[in-house]
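# Examination of the molecular architecture
Letter by letter, the chains look like this.
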Amino acid sequence: MYPTEHQYNYAQAVCDAGGSLLFIVKRYTYTRNGQDAPCIFDKNEVPIAGTAFLQTNDMEYSRPVIIPRPGNSNQYYIFYVRNGGLIYCLFDITLNNGRGNIVPGYKNVLAYTYNTLIGCRMVAIAGCDGIWLVARHRTYNQYLSFKVTSNGVSSNPVVSEIGSFPVMNYWGSNGILAVSPNGKKVATAVDHGGILNFPGGLEMYDFEKCSGKLKNLQVIDTGEKVYAVCFSPDNSKLYAGYAIPWANGEWKFDQYVYQFDLNQSSLSAITASKSMILTNPYAQYYAPFCPITTNIMGNMQIGPDGKIYLGNSHPEVCEGTGPGLALHVISFPNNLGISSNPQVNAIWNQWNGMGSLAITDLPYQMVLPKSGNIDTLNGNSNRITVCFKTDTLIETPEGISCYRWENGSTNNHRTITEDGHYLLYYTKDCSVFIDTYSVVFIPLPEVKSQQYGCPGNISLQAGKAGNRQYDYTLRNGQGLVVHAASTDSVFQTSGLEEGIYKLQISSSEGCTTSIDISLTAYPKPEVSISPAFAEIINGELITLRASGATYYTWKPISPLDNSFREEVLASPTENTTFSVVGINDYGCWDTAYSEIIVNADERMIMPNAFTPNGDGLNDLFKIPGDHFTIRRFEIYNRYGQIVYQDSGNNNGWDGNFNGAASQQGVYQYYIILDFYNGNQKILKGDINLIR
């Protein structure tokens, strides 16, 4: 075609795997008489009829982005931006007798609404199961990632809220999006200026191939007019093109390319590694007086040979003043600084035929979809023992993407409160891993840090029946072991004094902790008995009264009228020490004692006669009373013969001897008695037997 018919720029060639040309896509800038201009050309650069895109100004500042359709090696999506809207055509190389054509129904399809995207900031990035088309939003501080798969183009983009500069700064026609060769980083140059003279700079983001998200913003440099950006083939260096205004304020610029070392350990160190690699040389325009100028260099791109290429953007120059349009080359872009071997105007022709407003930006690299299925692999198995807590926090490992828990949560952490197996799915280098977390909680046995008891007998208790097996060691305030035991039931020890004790608890799983336990004594009752000492005559009653407690228990019980009241009536027949245990409202007890001395009545009035005639009156001769023990009781007749001898039961003499009635008369008795108080008494006298 003659230049006066249609004019194009921003061409994109598509080749097969062997490098043979398949077709070319061009952005037109002028059409003759407003006629539709074909935008797709076959391998012989012959235009294909019916492939006109929209009007000339629709693709201002943007070039087509071509993405092979995943799953179909013959079809290609051709994306471009018209008035801020994302539009695409689907081209099939098998149509039109092998010349290729747009698939019917897929010409100029509006994929995303108008006035939303910036055409020059659009790039294709290989994903894990498709290709992402990433574009900058015009109105919001966002990037939109559209997923392209074998099923088509997603109309619901993934939104990344990211960016540090004012939104208007991203509109500039000079900035692009550059992707690292491994697809993990995205960089962009942000223009400066505008009506508010906003600063420009250089931004870099992490890219998640699995999700299409841009994350972890890094502002590498600010305050400059940055317009071109490119990563080194090994992803370790970032190259950026800068434009510095001349001191006289003219629009012409001195052009520089700087290198940043991404292997540095911090963002500040990356910024400090800024090193100038090359400068665009001056050129003399082919114009009156051959004025000296320096053009803005074109964008940088990695070639198939691993070198970085960029155009000098020079138009035709005056004869004898040097090359016009040419390519600079960085031969070893993985090397640091000047060792990268930059070469100025390394490739050029004696006559280039370019117009005075030549634009020499290089085309996008073709991005191919990932081949094969996504692998799902077993990741790490983690056993987590949670010692003596009710919850634990699990955080996702570093360097992973698209993580998801088995319950659907996508948080980078998870709080666990129960025993169980928990699964974390995540992507690493486009393989899906499954980590297993087996969580076991070791509960803290029930332990009260403040325990109470009676003075001198406080009981410390921990745990309960049906526990896990725990080892317990109790130490007093001096650090001495008071009690130690291993049990799956209640740990308990008694007889402790008031004070601070330390209880160490251990489990077989390796959990260990120490708890300070304060033992506090309840008030102790002060129990007393009134009277605490008394003497009584045998047979007398005495009242004993206890005080100082709430509940009482008396002993011995037999001489008392009750054993639980505060006041009791005692009738001891011998010397007796009574005790009472008093218990207060706290359950603490004290014991008091009362000693009762029982004195015998040694006054004895013996009868002087008895009448054993069976009338039931005075039939026996016996010792009156029972407050003594008979040691000896004998009765003699007048001949000195013993007619009665007591066996100690004090049954008395019935007047018979050897089974026959004794004669009426006077008899003598001899008695020895032992009293309860230890005294002994001898009784002698006469008894008159009357019949």
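Small disclaimer: the values here were computed from a predicted structure and weren't measured. (Residues numbered from 1 in each chain as written. Predicted model: local features only at pLDDT ≥ 70, side-chain atom pairs only at ≥ 80, totals over all residues. Heavy atoms only, no water.)

### Considerations on the overall build of the protein chain
Scanning the protein chain for helices and strands turns up 1 helix and 54 strands. The C-alpha atoms of the protein chain give 57 Å as radius of gyration, which overshoots the globular expectation for 691 residues (26 Å, by more than 25%). Along the first, second and third principal axes, the C-alpha atoms of the protein chain reach 185 × 55 × 40 Å. The proportion of buried residues among the 691 residues of the protein chain is 45%. A separation of at least 24 residues holds for 53% of the contacts in the protein chain among residues at least 6 apart in sequence. As displayed, the protein chain offers around 34400 Å² of accessible surface, 48% of which is attributable to carbon and sulfur atoms. The positive charge centre, built from 46 side chains, and the negative charge centre, built from 60, are 8 Å apart in the protein chain. (Helix = DSSP H or I, 4+ residues; strand = E, 2+ residues; numbered from the N terminus. Rg over C-alpha atoms; globule rule 2.2 N^0.38 Å. Buried < 20%, exposed > 50% of the residue type's maximum accessible area, 1.4 Å probe, protein only. Contact = heavy atoms within 4.5 Å. Areas by Shrake-Rupley, 256 points an atom, 1.4 Å probe, with all protein chains shown as cover. Lys, Arg positive; Asp, Glu negative; His and termini not counted. Charge placed at Lys NZ, Arg CZ, Asp CG, Glu CD.)

### What about the sheet that holds strand β36 (residues 470-475)?
As summarised here, the arrangement of the 5 strands in space is β34-β40-β39-β36-β37, forming an open sheet in which the pairing is mixed. Each edge of the sheet is formed by a strand with only one pairing partner; in this case those strands are β34 (450-453) and β37 (481-487). When strand polarity is set aside, the average angle formed by the axes of neighbouring strands in this sheet is 25 degrees. Relative to strand β40 (residues 512-521), strand β39 (residues 499-507) runs antiparallel, the two sharing 8 bridges. Across the sheet, isoleucine 505 pairs through a bridge with threonine 513, a residue of β40. (Pairing = 2+ DSSP bridges. Axes fitted to C-alpha atoms, helices over the stretch in contact; angles between N-to-C directions.)

### As for the pattern of salt bridges
Evaluated as defined, the whole model comprises 15 salt bridges. Here aspartate 42 ties to arginine 99 by a salt bridge, and the two come within 2.8 Å at their closest N and O atoms. Linking aspartate 42 in strand β3 (residues 40-42) with arginine 99 in the loop between β6 (85-92) and β7 (101-102), this pair joins segments that are 57 residues apart in sequence. Owing to a relative accessible area of 6%, aspartate 42 belongs among the buried residues under this scheme. (Salt bridge = Lys/Arg side-chain N within 4 Å of Asp/Glu carboxyl O.)

### With respect to the side chain of serine 331
Position of serine 331 relative to the elements: it lies in the loop between β26 (326-330) and β27 (342-348). Accessibility expressed as a relative area gives 9% for serine 331, which makes it buried. Beyond its immediate chain neighbours, meaning those up to four positions away, serine 331 contacts Lys307, Ser340, Asn341 and Gln343.

### Let's talk about unusual backbone geometry
A cis amide bond links serine 530 with the next residue in sequence, proline 531, at an omega value of 0 degrees. Cis geometry marks the peptide bond from lysine 555 to proline 556; its omega dihedral reads -10 degrees. Relative to the elements of secondary structure, proline 556 occurs in the loop between β44 (551-555) and β45 (567-570). With phi around 50 degrees, asparagine 83 is a residue other than glycine that occupies positive phi space. Looking at the element boundaries, asparagine 83 is found in the loop between β5 (75-82) and β6. Not every positive phi belongs to a glycine, and asparagine 216 is a case in point at roughly 55 degrees. With respect to the helices and strands, asparagine 216 occurs in strand β17 (residues 214-222).

### Observations regarding the nonpolar core
Counting residues in each nonpolar core, the largest one holds 22 residues, and the members touching the most others are Val65, Ile67, Phe79, Leu86 and Leu133. Broken down by secondary-structure element, the contributors of at least two residues to this core are β4 (65-68), β5, β6, β9 (117-126), β10 (131-137) and β11 (142-149). The residues touching phenylalanine 79, leaving out its near neighbours within four places in the chain, are Arg63, Pro64, Val65, Ile67, Leu86, Ile87, Tyr88, Met122, Leu133, Val148 and Val153. Met604, Ile635, Tyr669 and Leu683 belong to the second-largest nonpolar core, a separate cluster that totals 21 residues. (Core = buried A, V, L, I, M, F, W, Y, C linked by side-chain atoms within 4.5 Å.)

### What to know about the pairing of strand β49 (residues 628-636)
As paired elements, β49 and strand β53 (residues 665-675) share 8 bridges and run antiparallel to each other. Counted as the bridge partner of phenylalanine 628 is phenylalanine 675 from β53. Summarising the sheet, β49 and strand β50 (residues 642-645) pair through 3 bridges and their orientation is antiparallel. Its bridge partner lying in β50, glutamate 634 is registered against glutamine 645. Here β49 folds back onto β50 in antiparallel fashion, the turn holding 5 residues, of which glycine 640 has a positive phi close to 85 degrees.

### Remarks on the sheet that holds β17
On the basis of which strands lie adjacent, the open sheet formed by 4 strands has the order β14-β15-β16-β17 and antiparallel pairing. Two strands in the sheet have a free side with no partner beyond their single neighbour: β14 (177-179) and β17. Averaged over all adjacent pairs, the angle separating strand axes in this sheet is 20 degrees, with direction ignored. In the sheet, β14 pairs with strand β15 (residues 185-190) via 3 bridges, with the strands oriented antiparallel. Along β15, the bridge assignment pairs leucine 177 with threonine 188.

### Observations regarding the confidence of the model for the protein chain
Confidence along the protein chain averages 88 in pLDDT terms, with 92% of residues attaining 70 or more. Every residue in residues 353-359 is under pLDDT 50, and counting partners more than four places away or in other chains gives 9 contacts. (pLDDT = per-residue confidence, 0-100.)

### Describing the state of the cysteines
Going through the model one piece at a time under the given rule, you end up with 5 disulfides. Note that cysteine 387 is cross-linked by a disulfide to cysteine 511, the S-S spacing being 1.9 Å. Between cysteine 387 and cysteine 511 the disulfide shows an S-S torsion of about -70 degrees. By sign, it is left-handed. With cysteine 387 in strand β28 (residues 376-387) and cysteine 511 in the loop between β39 and β40, this pair connects stretches of sequence that are 124 residues apart. We classify cysteine 511 as buried; its relative accessible area is 0%. By sequence-ordered numbering of the bonded cysteines, the protein chain has its disulfides arranged as 1-7, 2-6, 3-4, 5-9, 8-10. Of the cysteine sulfurs around cysteine 39, a residue in no disulfide, the closest is that of cysteine 89, at 8.4 Å. The class for cysteine 39 is buried, based on a relative accessible area of 0%. Between cysteine 120, a cysteine without a disulfide, and cysteine 230, which holds the nearest cysteine sulfur, the sulfur-to-sulfur distance is 17 Å. (Disulfide = S-S within 2.5 Å.)

### Here we look at the environment of valine 482
As for its position among the elements, valine 482 is in strand β37. You can call valine 482 partly exposed: its relative accessible area is 32%.

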